[in-house]
Amino acid sequence: MIKRPRRNRRTAAIRGLVQENHLHPSQLIAPLFVLEGKQQQIAIKSMPGIFRYSIDEMLKEVKSLYQLGIRAVDLFCYIEGDKKDSFASEAVRSGNLFCRAIQTLKENFPDLCVMMDVALDPFTSHGHDGITNEKGEIDNDLTLPILAQMSILAAEAGADVVAPSDMMDGRIGYIRHALDQEGYQQVGILSYAAKYASAFYAPFREALHSVLQFGDKKTYQMNPANSREAMLECQLDEQEGADLILIKPALAYLDIIAKIKEQTHLPVGAYHVSGEYAMVMAAALNGWLDADKVFEESLLSIKRAGADFILTYAARRVAENLQKQF
């Protein structure tokens, strides 16, 4: 035989030379759940190893992540029920939880990339990402001004990037215009351009205690059966001024990541979501697989599909494992 591909797999040194995709902590974004109070670190049952943090405890976690080489975090707010209403009033209150969390992070870690999730579901009493109209429908256009005001508050607090995850039509252009009008041209927008109506989000909703009071999210999140729709969504968000594109979830949508990567010149990210994380941890706790090896393989597959960066709850574990390897 003249052609023997195994020659390039014979030793670890040779395999390293020809490896096409690599993971690095700088490509990982750690999602963080923040809540009110002090000295609070509350375990999330459905996501072993993941916690809700009060701001002071969050600083300790971020310091640890920073030392591992992770330079970006995305904040999600756990809001108590008595602060929720149908208009998401807490989301646009000056000095609210995410404003204080962002400000504290930037004061302590000036060169950390701080991203803020922009969506109303943690703040609404009905659990939806938008405002309801008199017909009880999620009203796209009524929601946009609130998303814009939320983005401005995050920018005022020091956020580097706002990350609209609501899937309302036109929100990228609306937010971009609002930020620019207020003088925040430097604040980037990470668009959840293709966010599918996925069953993989269940642990996340438990983490934020965001419970739907009626219906589902299928009128704004995408149908898992569709791919051309994702191409359209990403194209529109790019035209409206998105700086980065995100696909969510990741592993069940590797084909979407690959297609979007071919279509756009913007950086493309993927969200390795709560259900994808929880499945691995549940199996690992039962001794059925090695979580570290599965997470590394999973994230490499996301990179191979074309993702430039990855949001993952396994960020710390993966970074720790990479540190051991080198």
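Cut-off values and rules
- Residues numbered from 1 in each chain as written.
- Predicted model: local features only at pLDDT ≥ 70, side-chain atom pairs only at ≥ 80, totals over all residues.
- Heavy atoms only, no water.
- Helix = DSSP H or I, 4+ residues; strand = E, 2+ residues; numbered from the N terminus.
- Rg over C-alpha atoms; globule rule 2.2 N^0.38 Å.
- Contact = heavy atoms within 4.5 Å.
- Areas by Shrake-Rupley, 256 points an atom, 1.4 Å probe, with all protein chains shown as cover.
- Lys, Arg positive; Asp, Glu negative; His and termini not counted.
- Charge placed at Lys NZ, Arg CZ, Asp CG, Glu CD.
- Buried < 20%, exposed > 50% of the residue type's maximum accessible area, 1.4 Å probe, protein only.
- Phe/Tyr/Trp six-rings, centres within 6.5 Å; stacked < 30°, edge-to-face > 60°.
- UniProt positions renumbered as here; feature names shortened; annotations may be inferred.
- Polar contact = N/O pair within 3.5 Å; in protein donor to acceptor, adjacent residues only side chain to side chain.
- Core = buried A, V, L, I, M, F, W, Y, C linked by side-chain atoms within 4.5 Å.

1. Some thoughts on the overall build of the protein chain
Part 1 of the argument: Looking only at helices and strands, one finds 11 helices and 12 strands in the protein chain.
Part 2 of the argument: Relative to its length of 326 residues, the protein chain is compact, with a C-alpha radius of gyration of 20 Å against a globular reference of 20 Å.
Part 3 of the argument: Contacts spanning at least 24 positions in sequence make up 74% of the contacts within the protein chain whose residues lie at least 6 apart.
Part 4 of the argument: For the protein chain, the accessible surface area stands at approximately 15,100 Å², while carbon and sulfur atoms represent 51% of it.
Part 5 of the argument: Between the mean site of the 35 positive side-chain charges and the mean site of the 42 negative ones, the protein chain shows a separation of 12 Å.

2. A short note on the side chain of Glu-61
Part 1 of the argument: Here Glu-61 is to be found in helix 2 (residues 55-67).
Part 2 of the argument: A relative accessible area of 13% means that Glu-61 is categorised as buried.
Part 3 of the argument: Excluding residues within four positions of it along the chain, Glu-61 makes contact with Leu-32, Tyr-53 and Arg-316.

3. Concerning the packing of aromatic side chains
Part 1 of the argument: Following the criterion strictly, the structure yields 13 aromatic pairs and no others.
Part 2 of the argument: Geometrically, the ring pair formed by Phe-51 and Tyr-53 is tilted, given 6.0 Å between the ring centres and 45° between the ring planes.
Part 3 of the argument: Where Tyr-66 meets Phe-109, the ring centres are 5.8 Å apart and the plane angle is 35°; that geometry is what we call tilted. Of this pair, Tyr-66 sits in helix 2 while Phe-109 sits in the loop between helix 3 (97-108) and strand 5 (113-118), and the two are 43 residues apart along the sequence.

4. So, the UniProt feature "active site" (unreviewed entry) in the protein chain
Part 1 of the argument: Residues annotated by UniProt as "active site" (unreviewed entry) correspond here to Lys-195 and Lys-248. Their sequence span is 54 residues, while the largest C-alpha to C-alpha distance among them is just 4.8 Å; these annotated residues converge on one region.
Part 2 of the argument: Since its relative accessible area comes to 5%, Lys-195 is described here as buried.
Part 3 of the argument: Setting aside anything within four residues of it in sequence, one finds Lys-195 in contact with Asp-129, Ser-165, Met-167, Tyr-201, Gln-221, Met-222 and Lys-248.
Part 4 of the argument: Among the polar contacts made by the side chain of Lys-195, one reaches the main-chain carbonyl oxygen of Ser-165 at a distance of 2.9 Å.
Part 5 of the argument: Beyond its immediate stretch of four places on either side in the chain, Lys-248 contacts Tyr-192, Ala-194, Lys-195, Tyr-196, Tyr-201, Tyr-271 and Val-273.

5. Structural notes on the nonpolar core
Among soluble globular proteins, nonpolar side chains are generally buried collectively.
Part 1 of the argument: The biggest cluster of nonpolar side chains holds 115 residues, and the ones touching the most others in it are Phe-33, Met-58, Leu-75, Phe-98, Leu-105 and Ile-247.
Part 2 of the argument: For this core, the element with the highest residue contribution is helix 4 (residues 140-157), accounting for 10 residues.
Part 3 of the argument: Ignoring anything within four residues of it in the chain, the contact list for Phe-98 reads Cys-77, Ala-91, Met-116, Phe-123, Met-150, Leu-153 and Ala-154.

6. Side note on the environment of Val-34
Part 1 of the argument: The residue Val-34 is located in strand 1 (residues 28-34) in this model.
Part 2 of the argument: Its relative accessible area of 0% is what places Val-34 among the buried residues.
Part 3 of the argument: Between the C-alpha atoms of Val-34 and Tyr-66, which are 32 residues apart in sequence, the distance is 17 Å.
Part 4 of the argument: In this view, Val-34 contacts Tyr-53, Ile-55, Met-58, Phe-76, Cys-77, Tyr-78, Leu-97 and Ala-101; residues no more than four positions away in its chain are not counted.

7. Points about the environment of Met-167
Part 1 of the argument: Tracing the sequence through the fold places Met-167 in the loop between strand 8 (161-164) and helix 5 (171-181).
Part 2 of the argument: Measuring from C-alpha to C-alpha, the distance between Met-167 and Glu-233 comes to 9.2 Å, with 66 residues separating the pair along the chain.
Part 3 of the argument: The residues touching Met-167, leaving out its near neighbours within four places in the chain, are Tyr-192, Ala-193, Lys-195, Tyr-220, Gln-221, Met-222 and Glu-233.

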